[in-house]
Amino acid sequence: MKDFDHFEEPPIISVKEVGVTYQRKGLFHSRSFDALKSVTFDLYKGESLAVLGRNGAGKSTLLQLLAGVLRPDRGQLINRGVQAQLLTLQLGFDAKLTGRDNAILSGILLGLRRSDIESRLKQIFEFAELESFMNVPLSTYSSGMRARLGFAVSVYLEPDVLLIDEVFAVGDAAFQAKSKQVMEDKIASNKTIVLVSHNVELIKKYCNRAVWIDQGVSKMEGSITEVCRAYSNSASIDHQKHA
């Protein structure tokens, strides 16, 4: 685990009372929904920050905010000149194009230069175990093959801040083990990581700090031990109430 007992430099990203509201439009009326109500925390260079919360707490919305895909409706998100990239599978995939062309397109949309992605195509398809399918239309790929290709492209991202959602267990058991090892290597590196996961043991192993989001509100920010303990205790209490 990276050691961050104190911070000598200012945060590279600051989130201050941020909120995001979605409009749900129906046939005769529309409703507003607060995906995030008020979230506050800081992200520092070189740390691994875990984001904890139940399904529907707003974790995915938060990652999209950090990546610049969404803008907050309320509060402030201050990015001090860093590139934050969300790892996502099959971004920009087009079934009519070949695997090769899709890898190039996806890599460009994820922020890679075309020349960089082209120079790595052989490695990407070897990693995805799809060497013989490079020039075959994506429409002939199975869903598992598409997921493996999307993961292989994402492996080569090198942004300032890597945003990781818990969506990377793809392929058969052997490929899952390989992809899991790659992601754990990235998390354990000196890169700045924001990790969304329900796997508390993984979080404890690789993250030094955590922010806990509950119903769109940042409930706690602090050391990984303190936040995980509070989150687990809360989950146990809620489970007993509904037992």
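Within every chain, residues take consecutive numbers counted from 1 along the sequence as written. Only residues with pLDDT of 70 or above have their local features reported here, since the model is predicted, and side-chain atom pairs are shown and tallied only from 80 upward, although totals for entire chains, interfaces and linings are computed over all residues. As a convention, hydrogens and water are excluded, and side-chain values are obtained from all of the structure's heavy atoms.

Asks: Whenever I open this one, the state of the cysteines confuses me. Can you help?
Replies: Here a disulfide denotes a covalent bond joining the sulfur atom of one cysteine to the sulfur atom of another. Disulfide: a pair of cysteine sulfur atoms within 2.5 Å of each other. Under the counting rule described, the total for this entry stands at zero disulfides. The cysteine Cys-207 is free of any disulfide, with Cys-228 supplying the nearest cysteine sulfur at 8.2 Å. Summary of the burial criterion: residues with accessible area below 20% of their type's maximum are buried, those above 50% are exposed, and those between are partly exposed, where the area comes from a 1.4 Å probe applied to protein chains only. Residue classification places Cys-207 among the buried residues on the basis of a relative accessible area of 0%.

Asks: What's the story with the side chain of Glu-47 in this structure? I'm lost.
Replies: With respect to the element layout, Glu-47 can be found in the loop between β2 (30-43) and β3 (48-52). One polar contact links the side chain of Glu-47 to the main-chain amide nitrogen of Tyr-44, over a distance of 2.8 Å. Within the local environment of Glu-47, its side chain forms a polar contact with the side chain of Asn-208, the two groups lying 3.2 Å apart. What counts as a helix is a DSSP run of H or I of at least four residues, what counts as a strand is a run of E of at least two, and both are numbered from the N terminus. What qualifies as a polar contact is a pair of N or O atoms within 3.5 Å, subject to a donor-acceptor requirement within protein and to the restriction that residues adjacent in sequence count only when both atoms come from side chains.

Asks: Got a minute to help me understand the pairing of β3 in this structure?
Replies: For a regular strand, side-chain orientation follows a simple rule: the groups alternate between the two sheet faces. The element β3 is extensively covered by neighbouring structure, given that five of its five residues are classed as buried. Along β3, one buried face is formed by Ser-48, Ala-50 and Leu-52 and the opposite face, lined by Leu-49 and Val-51, is buried too.

Asks: I'm lost on the packing of aromatic side chains in this one. Help?
Replies: Working definition: an aromatic ring pair is given by the centre-to-centre distance plus the angle between the planes. Aromatic pairs are defined between Phe, Tyr and Trp rings, using the six-membered ring for Trp, whenever the two ring centres lie within 6.5 Å; interplanar angles under 30 degrees are classed as stacked, those over 60 as edge-to-face, and all others as tilted. Using the criterion set out here, one finds five aromatic pairs in the structure. Consider the rings of Phe-133 and Tyr-141, whose centres lie 6.0 Å apart with planes at 75°: the pair is edge-to-face. Phe-133 gets classed as partly exposed once you look at its relative accessible area, which sits at 31%. Taken together, a centroid distance of 5.7 Å and an interplanar angle of 80° make the contact between Trp-212 and Tyr-231 edge-to-face. With a gap of 19 residues between them, Trp-212 in strand β8 (residues 209-214) and Tyr-231 in helix α8 (residues 224-241) connect regions that are remote in the sequence. Given the relative accessible area of 7%, Trp-212 is considered buried. A relative accessible area of 13% means that Tyr-231 is categorised as buried. A connected cluster of aromatic rings, assembled from ring pairs, spans Phe-127, Phe-151 and Phe-175. Between Arg-148 and the ring centre of Phe-175, over which it is positioned, the NZ or CZ distance is 5.7 Å. Criterion for a charge above a ring: Lys NZ or Arg CZ within 6 Å of the ring centre, and within 35 degrees of the ring normal.

Asks: Would you explain the confidence of the model for the protein in this entry?
Replies: The predicted coordinates ought not to be read in detail in places where the model reports low pLDDT. Mean pLDDT over the protein: 86, with 90% of residues reaching 70 or higher. Ranking the helices and strands of the protein by mean pLDDT puts strand β4 (residues 74-79) first, with 97, and α8 last, with 80. pLDDT: the predictor's confidence for each residue, scored from 0 to 100.

Asks: It is not clear to me how the nonpolar core should be interpreted in this structure. Could you clarify?
Replies: Buried together is how nonpolar side chains tend to be arranged in soluble globular proteins. For our purposes a nonpolar core is just a set of buried Ala, Val, Leu, Ile, Met, Phe, Trp, Tyr and Cys residues, chained together by side-chain atoms within 4.5 Å. If you look at the biggest cluster of nonpolar residues, it comprises 45 residues, and the most contacted ones within it are Ile-124, Phe-125, Leu-149, Leu-195 and Ile-203. In terms of residue count, helix α5 (residues 143-154) provides more of this core than any other element does, five residues in total. In terms of nonpolar packing, the next biggest core, distinct from the first, is built from 25 residues, Val-51, Leu-163, Val-196 and Ile-213 among them.

Asks: Where do I start with the pairing of strand β7 (residues 192-196) in this structure?
Replies: When you tally the buried positions in β7, you get five out of five residues, the bulk of the element. Residues Thr-192, Val-194 and Val-196 point to one face of β7 and Ile-193 and Leu-195 to the other, with burial holding for every one of them. In this sheet, β7 lies alongside β3 in parallel orientation, the contact comprising four bridges. Across the sheet, residue Leu-49 finds its bridge partner in β7, namely Val-194. Across four bridges, the pairing between strand β6 (residues 161-164) and β7 is parallel. The residue of β7 that forms the bridge with Ile-164 is Leu-195. What makes two strands pair is DSSP finding at least two bridges between them.

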